[in-house]
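Now for the letters of each chain:
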Amino acid sequence: MTTPRLRFSPAPTGYLHVGSARSALFNWLYARRVGGTFVLRIEDTDVDRSTPELIGAIHDSLGWLGIDWDEEYRQSDRFDAYRAAAADMLERGLAYHCDCSQDDVKARNDARGDGSSGYDGHCRERGVQPGDGVVVRFRTPDEGVTGWDDLIRGRVEFDNAVLEDFVIVRSTGVPMFHVANAWDDLDMGITHVVRGEDLVNTTPRVLLLRQAMGATDQPMYAHLPLIVNEQRKKLSKRRDDVSVGDYRERGFLPEAMRNYLVTLGWGDPDGQEIRPIDEIIERFDLAAINKAPAFFDVAKLESFNAEYIRALDDDVFLELIRPYVSAEAHAAIVPVVADVKDRCKRLDGAAEFVDWVVGPPAEPVEKDWKKHMGRAEVPEVLDAVVADLEALDDDAWTAEQMEAVVMGVGARLSTEDRTVRSQMPVRLALTGQRSGLPLWTPMVVLGRDAVLDRLRDARARLDA
RNA sequence: GCCCCCAUCGUCCAGCGGCCUAGGACGCUGCCCUUUCAAGGCGGUAACACGGGUUCGAAUCCCGUUGGGGGUGCCA
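Each chain carries its own residue numbering, running from 1 in the direction its sequence is written. Chain letters start at A and ligand numbers start at 1, both assigned in the order the entries are written. At least 70 in pLDDT is required for a residue's local features to be given in this predicted model, at least 80 for side-chain atom pairs to be given and counted, and no such filter applies to totals for whole chains, interfaces and linings, which use all residues. Where side-chain values are given, they derive from all heavy atoms of the structure, hydrogens and water being excluded.

**Some words on the protein's contact with RNA strand B**
Contacts to RNA strand B come from 64 residues, most closely from R170, F177, R232, R343 and R434. Backbone atoms, meaning sugar plus phosphate, form 70% of the atoms of RNA strand B positioned within 4 Å of the protein. Residues adjacent in sequence count toward polar contacts only when both atoms are side-chain atoms; beyond that, a polar contact is any pair of N or O atoms within 3.5 Å, and within protein one must be able to donate a hydrogen and the other to accept it. The side chain of N290 places a nitrogen or oxygen atom 2.6 Å from a phosphate oxygen of RNA strand B. Residue R343 places a side-chain N or O atom 2.4 Å away from a base nitrogen belonging to RNA strand B. Helical segments are the DSSP runs of H or I of at least four residues, strand segments are the runs of E of at least two, and each set is numbered from the N terminus. At the level of elements, β7 (154–159), β12 (294–295), α10 (298–310), α13 (337–343), α17 (399–413) and α18 (423–431) are the ones that each hand at least two residues to the surface near RNA strand B. The leading source of residues in the surface near RNA strand B is α10, at 4 residues. Each residue gets one of three labels, nonpolar for Ala, Val, Leu, Ile, Met, Phe, Trp, Tyr, Cys and Pro, charged for Asp, Glu, Lys and Arg, and polar for the others, Gly among them. Here the residues of the surface near RNA strand B sort into 24 nonpolar, 19 polar and 21 charged. Distances are taken per atom, and a residue is near a molecule or strand as soon as one of its heavy atoms is within 4 Å of it.

Right, here's the structure in full:
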């Protein structure tokens, strides 16, 4: 038995699409699962879109996700082989030259008026010679069936009759991706082709080409269900956030992203969704992948991300958020790192927890203010807290003392008839918000003057 | 138009003929814990698209309908 060989073949577009990332991931998972080889093949036969920067974006995102590859190829380095393969097909009569312009083809189709849209085989027997504006087309069989046993979908078949004679060499002399794809899969000994469902229609062409190149076997195919948006349409660059790099910038952890991507189309029967990558590799199975499209649910991704963030060591978290927060915010977070980490859904959201420590308190929401500051005992509470805090020596300005003072006031003011809660008025006065970090340590960081100022401001506001 | 594919809670996944009065996760939500929030614990909400078969028995198999999606380039 030969070692399985899988490949991820992205076109260099300048970013890695999340759908592509998942294809890469599933290829990689399977390769690692079965001890196979994972090949990265850059499909850059459309030369003007092949630059080191565009390819670098793919490398970066794959690397970020922890997807490593064993071999790498670039199709632009292999044009000679594709040209030779095309020439050979030409020589053997399996392909022919065609000088029809796209307008010609369209005009004939319109004239026919039967709704057909593809190439009509006009040049099949015309003996067109190579020249300006001349392409090479593959002569598809007129009868018979081309199909394969898809690992995910089962048997898929196309009548050869519906396959038009497609272009295999552009008029510029550059072979089309089908040729490169078929030749490389054959030449590189690819055994499993795992890719998006949007490519099923090109599979019969590749299979026919592969045959024409002398192959007698087929690789195993597994066509993945598409990742869709809320409209159930394929994720598009225009309307959706599709770039892996963008998610990275928005503070998602690669482990969370990778883990979430796996759940789009696959789930372990034991029901556990979040688990270490080694365990996923161990359990992953191509044949168990779902057939239906999956919605990319950012809310769920964030939930995964929050869980991965919580599992981070405090010091690791502190380093990871550095690019996302100001130096001031970072310094403010250090003393309360665990509290921030536990509440942080994305790395870029860390700073908001200490906004009120670094800057002025937020302007309170009218409704919250009325509800919590409108209570009869609030003036008493604020006065008492201010008084008790003022009485504190500078060296007693500690988190323990903050808690003792604030909670003490509540306890002191409570009677059998009423329970006085002092925390919320203080919170609103200090932060302007009704929820957030535990107050005690941040109060120390904020400092005596600011704390007292804010409490007095709030108290004054009650009278206004 | 033609070709291909898909169809379980709002969403993702489990289920591969009886264990299903359909399970888990996200979301939403109730209670507990807590003088905030978060986390955690315990509940709740909510689905087998429809119609025919096959079978003693169907979410699971077959056919059709409906609904969605993908493709239909000298892009990949």
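**Considerations on the sheet that holds strand β8 (residues 167–169)**
Strand order in this open sheet of 3 strands is β4-β5-β8, and the pairing throughout is antiparallel. Strand pairing shows two members of the sheet lacking a second neighbour, β4 (95–98) and β8, which therefore form its edges. This sheet shows a mean twist of 45° between the axes of neighbouring strands, independent of strand direction. Its contacts with the sheet place helix α3 (residues 79–91) against β4, β5 (135–138) and β8, and it is angled at close to 95° to β4. Paired strands are those between which DSSP finds at least two bridges. All axes here are fitted lines through C-alpha atoms, helices being fitted over the stretch that makes contact, and every angle between N-to-C directions spans 0 to 180 degrees. By definition in these notes, contact holds between two residues if any of their heavy atoms fall within 4.5 Å.

**Observations concerning the domain arrangement of chain A**
How far each domain reaches was decided by an automatic or database domain assignment. Assigned domains of chain A: these are domain 1 (5–69 + 227–301), domain 2 (76–180), domain 3 (312–358) and domain 4 (366–463). On a C-alpha basis, the centroid separation for the pair domain 1 and domain 3 is 28 Å. Between domain 1 and domain 3, the contact holds 6 residues from the first and 6 residues from the second. Buried area is calculated as the accessible area (1.4 Å probe) missing from two parts once they are joined, with the contributions of both summed. Across the interface of domain 1 and domain 3, roughly 470 Å² is buried in total on both sides, 58% from carbon and sulfur atoms. It is R250, G251 and L253 that lose the most area in domain 1 upon contact with domain 3, and together they represent 73% of the buried surface on that side. Definition used for salt bridges: Asp or Glu carboxyl oxygen within 4 Å of a side-chain nitrogen of Lys or Arg. The interface formed by domain 1 and domain 3 holds 0 salt bridges in total. At the junction of domain 1 and domain 3, the tally comes to 3 residue pairs in polar contact (both at pLDDT 80 or more). Residue composition of the side of domain 1 that touches domain 3, by class: 2 nonpolar, 1 polar and 3 charged.

**Regarding the packing of aromatic side chains**
Planes of paired rings set the category: under 30 degrees apart is stacked, over 60 is edge-to-face and the rest tilted, where pairs are Phe, Tyr or Trp rings (Trp by its six-membered ring) whose centres lie within 6.5 Å. By the definition in use, this model includes 11 aromatic pairs. Between W148 and F158, the aromatic rings sit 6.1 Å apart at their centres with planes inclined by 15°, giving stacked as the arrangement. Within this pair, whereas W148 is found in strand β6 (residues 145–150), its partner F158 is found in strand β7, the two being separated by 10 residues in sequence. Each of the two residues, W148 as well as F158, counts as buried. Aromatic ring contacts, followed pair by pair, group Y247, F252, Y260, F296 and F304 into a single cluster. Distance and angle both matter: a charge sits over a ring if NZ of Lys or CZ of Arg is within 6 Å of the ring centre and within 35 degrees of the ring normal. Of note, R22 hangs over the ring of F26, and the distance from its end group to the ring centre comes to 5.4 Å. The ring of Y119 has R137 sitting right over it, with the charged end atom 3.5 Å from the ring centre. When accessible area is computed with a 1.4 Å probe and restricted to protein chains, residues below 20% of their type maximum are described as buried, those above 50% as exposed, and intermediate ones as partly exposed.

**Things to note about the nonpolar core**
Side-chain atoms within 4.5 Å are what join buried Ala, Val, Leu, Ile, Met, Phe, Trp, Tyr and Cys residues into a set we call a nonpolar core. In terms of nonpolar packing, the biggest core is built from 55 residues, with F317, V385, L389, M443 and L455 touching the most fellow members. Among the elements that line this core, the one with the most residues is helix α16 (residues 378–390), at 7 residues. The residues that make up this core include at least three from each of domain 3 (312–358) and domain 4 (366–463). Leaving out residues up to four positions away in the same chain, F317 has contacts with I309, L312, V337, V340, K341, C344, L347 and A350. Core analysis: the next-biggest nonpolar cluster, separate from the first, contains 48 residues, L25, V242, W266 and I277 among them.

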